[in-house]
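# Inside the fold
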Amino acid sequence: MSTSAIRSVPGLALLTAGLMGSALVLALIVVPEDADQGISQRIFYIHVPIALTAYFCFGLGAWKALLLLWRGEERHDLESYVAIHQGTIFGALTLITGSIWAKASWGRWWLWSEDQLVLFLVLFLFYCAYFMLRFSLEDGPRRARSSAVYALFGVVLIPVSFLAIRLAEDLIHPTVFTRDGPQMSGSMFATFCVAWGAVTLLAYVLYRVELAGKRLDADLRDLREALP
Amino acid sequence: MIRARDLEKRYGRRRVLTGVDLAVPAGGFAVVTGPNGSGKTTLLRVLAGLAAPTRGELEVHADRAQLGYLAHEPLVYRELTALENLDLFGRLYRVPERRERIGMLLERFGLWDARGSRVSTYSRGMTQRLALCRALLHDPALLLLDEPYSSLDEEGAELLDRELGALAGERTFVVTTHDAPRLHRLATVEVTLA
Amino acid sequence: MTYLADVAALTRKDLRVELRAGDTLPAMLLFVLSTLVVFHFALPEGTGDDAAYGLLWVAIVFAALLGLARAWVPEQEHGVLDGLVLAPSDRSAIWLGKTLATLAFLAAAQVVALPAFILFFAPLDLTAIAGVLLADIGICAVGSLMAAMASAGRSRELLLPLLVLPLAIPLIVGGVGAAISPESERYLLLLALYDGVFAVLSWASFEYVVTEHSS
């Protein structure tokens, strides 16, 4: 763990709390309401960042998995696992916030026409199976390598699934980012960015905390065994 | 040929091998003994490259083509005949003059008559002999044999004695066994696992 | 090329072993036929043909899972997989041999199942059949790898469908789309993309699944 104060976990946690607080204030109070969708649109400021963060976590998990297979260093297994764990949690939150948004905007808790939601459902199932895979294998190189390969499959599945879902469904999800740029006013965009930064930082802090916790567990176990 | 220092192998929290040192020169014959569960099989798996040691240093100066491995399991397909099994492994190991070599080994181990029958019809002793043929098929420089005498009848054991006697000194061996006295005359290194 | 010779030898071995053990192919066939009959009773009167195509794909995927669950069993009896892994040949050849053999069995089951489907339910045009073939490749490629992963652990029969089904979703979309959509080329392209990407990924990563370290 680095000694620089700004990079230490407590420092980051404080920064996260600050950012999250500002994001909430901005999203709920400061920013003007959307003309079309009204108050329910405010959920968007938390839903989309959570979704993007979930993608980021899965990507990080896949990257660590690649490092494990490529360099063979054992520590990458735990890093990959924790990243995917975080990703799955944020994935579940995406489904929940997305569902709330759907209910508020269109009156139903689930819509198969919502590409992003459906994609997250597929990914959520995929990554839940990741944990089942890990659970069924004994701790060791076999489990680490199989998990890593599976994590890589996940990341490749994201664009392929997206294409498949696109082909399978009509698109009525209001696209926020068009080819020209975000269809949001300046203050909306700024709020979105603050919220996105906050949630990403939150995920990173949780990742570091969980990783440190698991490493500590492992070290304690080693110590206990070394004692007579 | 083999140099191992402070080898450790863990499966989760279970430590199967601890602090194992082993040095086997080319042409050497190492005999590994120890009670059940002491990690003899695991040691051979680590030496073969099937298992990665969790700690320690290991050098094995033989690549996959030069390594012959006899496991607890026979490592042959039940639904294939002896000929088909050896033919498959002969191809994978790029054995030159494959057919002749297979014929010779089958005859040497008394399996020639049963060569066209499926392994599922074999007795345990016959299966073990076939497994030995498989391990010796590509004339490996390093042979790792896990309790080779198990399941063999008197005749089979004598065939194996003869084979080991002929190869010892020219090939390197690491053999685990319960029956140390039998191999004592061939052994150049003896290791006991706790 | 010795690589292709290895794959040929391994595929031959897989075909031979399965034909002699003889239980998977009849089971897959019977399973598909039974499922189709069940679907007839499960679909209410007046349901369009489109629903039938959807169910065809469910039947195909589950039949494939049945075959895949047994795929690595011969290697587990007598621990043969270790023997294959220790050979100097490329480990990916083991995967390729197994995938090709499984593909052959799935296709063989479909040679009976597809005509039965046409008889019971609805016609299948050339693009639909192309979709079936492309999807077969995808599911066997990915399924062989996942089955190998699952067989190292416990509850492997439970685990395999969980690992494969999310990955099979794009294949189902592609297959059904190829059968019913007027723009079937897009769906065939999706299937081809899936096959290309995932087959290569499976081929390249098999080595890592069956070894503990690079040697």
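### Considerations on the overall build of chain A
- Secondary structure assignment for chain A yields six helices and zero strands.
- Start at the N end of chain A and walk to the C end: the helices and strands fall as α-α-α-α-α-α.
- Every one of the 228 residues in chain A was classed for burial, and the buried ones make up 38%.
- Expressed as a percentage of contacts within chain A between residues at least 6 apart in sequence, the contacts between residues at least 24 apart total 75%.

### Digging into the overall build of chain C
- If you tally the helices and strands in chain C, you get nine helices and zero strands.
- Secondary structure elements of chain C occur, N-terminal to C-terminal, as α-α-α-α-α-α-α-α-α.
- Expected size for 215 residues packed as a compact globule is a radius of gyration near 17 Å; at 18 Å, chain C falls within 12% of this value.
- With respect to the three principal axes, the spread of C-alpha positions in chain C is 60 × 35 × 30 Å.
- Looking at chain C as a whole, 49% of its 215 residues are labelled buried.
- In chain C, once contacts between residues fewer than 6 apart in sequence are set aside, the share between residues at least 24 apart is 80%.

### As for the interface of chain B and chain A
- Each partner contributes to the interface: chain B provides four residues, whereas chain A provides five residues.
- Partitioned by chemical class, the residues of the side of chain B that touches chain A number two nonpolar, one polar and one charged.

### Quick word on the nonpolar core
- Residues Cys133, Leu144 and Val174 of chain B together with Leu160 of chain C are the most contacted members of the largest nonpolar core, which totals 191 residues.
- Per element, the largest residue contribution to this core is 15 residues, and it comes from helix α7 (residues 126-151) of chain C.
- Apart from the residues within four sequence positions on either side, Val174 of chain B is in contact with Ile2, Val24, Ala30, Val32, Leu44, Leu47 and Leu144 of chain B.

### Description of the sheet that holds strand β3 (residues 29-33) of chain B
Residue and element names in this part refer to chain B.
- Here five strands make up an open sheet; going across it, the order is β5-β6-β7-β3-β8 and the pairing parallel. Edge positions in the sheet fall to β5 (67-70) and β8 (189-192), since each has one partner strand and no second. Adjacent strand axes in the sheet meet at a mean angle of 10° when their direction is disregarded.
- Note that β3 and β8 share four bridges and pair parallel. Bridged to Ala30 within β8 is Val189.
- Each of β5 and β6 (142-146) touches helix α4 (residues 124-136); the most contacted strand, β5, lies at about 165° to it.

### Examining the environment of Gly11 of chain A
Residues and elements named next belong to chain A.
- By the secondary structure assignment, Gly11 is in helix α1 (residues 9-30).
- Judged by the 13 C-beta atoms lying within 10 Å of it, Gly11 is partly exposed.
- Here the alpha-carbon distance between Gly11 and Phe189, two residues 178 residues apart in the chain, equals 27 Å.

### Looking at the sheet that holds strand β1 (residues 2-11) of chain B
Residue and element names in this part refer to chain B.
- Across the sheet, which stays open at both edges, the three strands sit in the order β2-β1-β4 with antiparallel pairing between neighbours. In the strand order of this sheet, the two ends are held by β2 (14-24) and β4 (55-60), each with one partner. Averaged over all pairs of adjacent strands, the angle between strand axes in this sheet comes to 25°, irrespective of strand direction.
- Relative to β4, β1 is paired through five bridges, and the arrangement is antiparallel. Note that in β4 the partner of Arg3 across the bridge is Glu59.

### A look at the packing of α7 of chain C against helix α8 (residues 156-180) of chain C
Residues and elements named next belong to chain C.
- Following both chains from N to C, one finds α7 and α8 inclined at 165°, their axes separated by 9 Å at the closest point. Taken together, α7 and α8 sit at an angle that is classed as roughly antiparallel. As for how α7 packs across α8, the hand of that crossing is right-handed.
- Here the contact of α7 with α8 is composed, by residue class, of 19 nonpolar, seven polar and one charged.

### Looking at the interface of chain A and chain C
- Contacts between the two partners involve 25 residues from chain A and, on the opposite side, 28 residues from chain C.
- Secondary structure elements with two or more residues in the side of chain A that touches chain C: α4 (115-136) and α5 (141-168) of chain A.
- Considering every element that reaches the side of chain A that touches chain C, the biggest residue donor is α5 of chain A, with 15 residues.
- Of the residues that constitute the side of chain A that touches chain C, the class distribution is 19 nonpolar, four polar and two charged.

### Some details on the confidence of the model for chain C
- In this model, chain C carries a mean pLDDT of 91, and residues with pLDDT of at least 70 account for 100%.
- Scored as a whole, the predicted complex attains pTM 0.91, and scored at its interfaces, ipTM 0.92.

### Some details on unusual backbone geometry
- One non-glycine residue with positive phi stands out, namely Leu75 of chain B, at about 60°.
- Within the secondary structure layout, Leu75 of chain B lies in the loop between β5 and α2 (82-92).
- Unusually for a residue other than glycine, His78 of chain C sits at a positive phi of about 65°.
- Within the fold, His78 of chain C resides in the loop between α4 (73-76) and α5 (80-86).

Definitions and cut-offs
- Residues numbered from 1 in each chain as written.
- Chains lettered and ligands numbered in written order.
- Predicted model: local features only at pLDDT ≥ 70, side-chain atom pairs only at ≥ 80, totals over all residues.
- Helix = DSSP H or I, 4+ residues; strand = E, 2+ residues; numbered from the N terminus.
- Buried ≥ 20, exposed ≤ 12 C-beta atoms within 10 Å, placed from the backbone.
- Contact = placed C-beta atoms within 7 Å.
- Rg over C-alpha atoms; globule rule 2.2 N^0.38 Å.
- Nonpolar A, V, L, I, M, F, W, Y, C, P; charged D, E, K, R; others polar.
- Core = buried A, V, L, I, M, F, W, Y, C linked by C-beta atoms within 7 Å.
- Pairing = 2+ DSSP bridges.
- Axes fitted to C-alpha atoms, helices over the stretch in contact; angles between N-to-C directions.
- Parallel < 35°, antiparallel > 145°, perpendicular 65-115°, else oblique.
- Left-handed = near helix turned anticlockwise from the far one by under 90°.
- pLDDT = per-residue confidence, 0-100.

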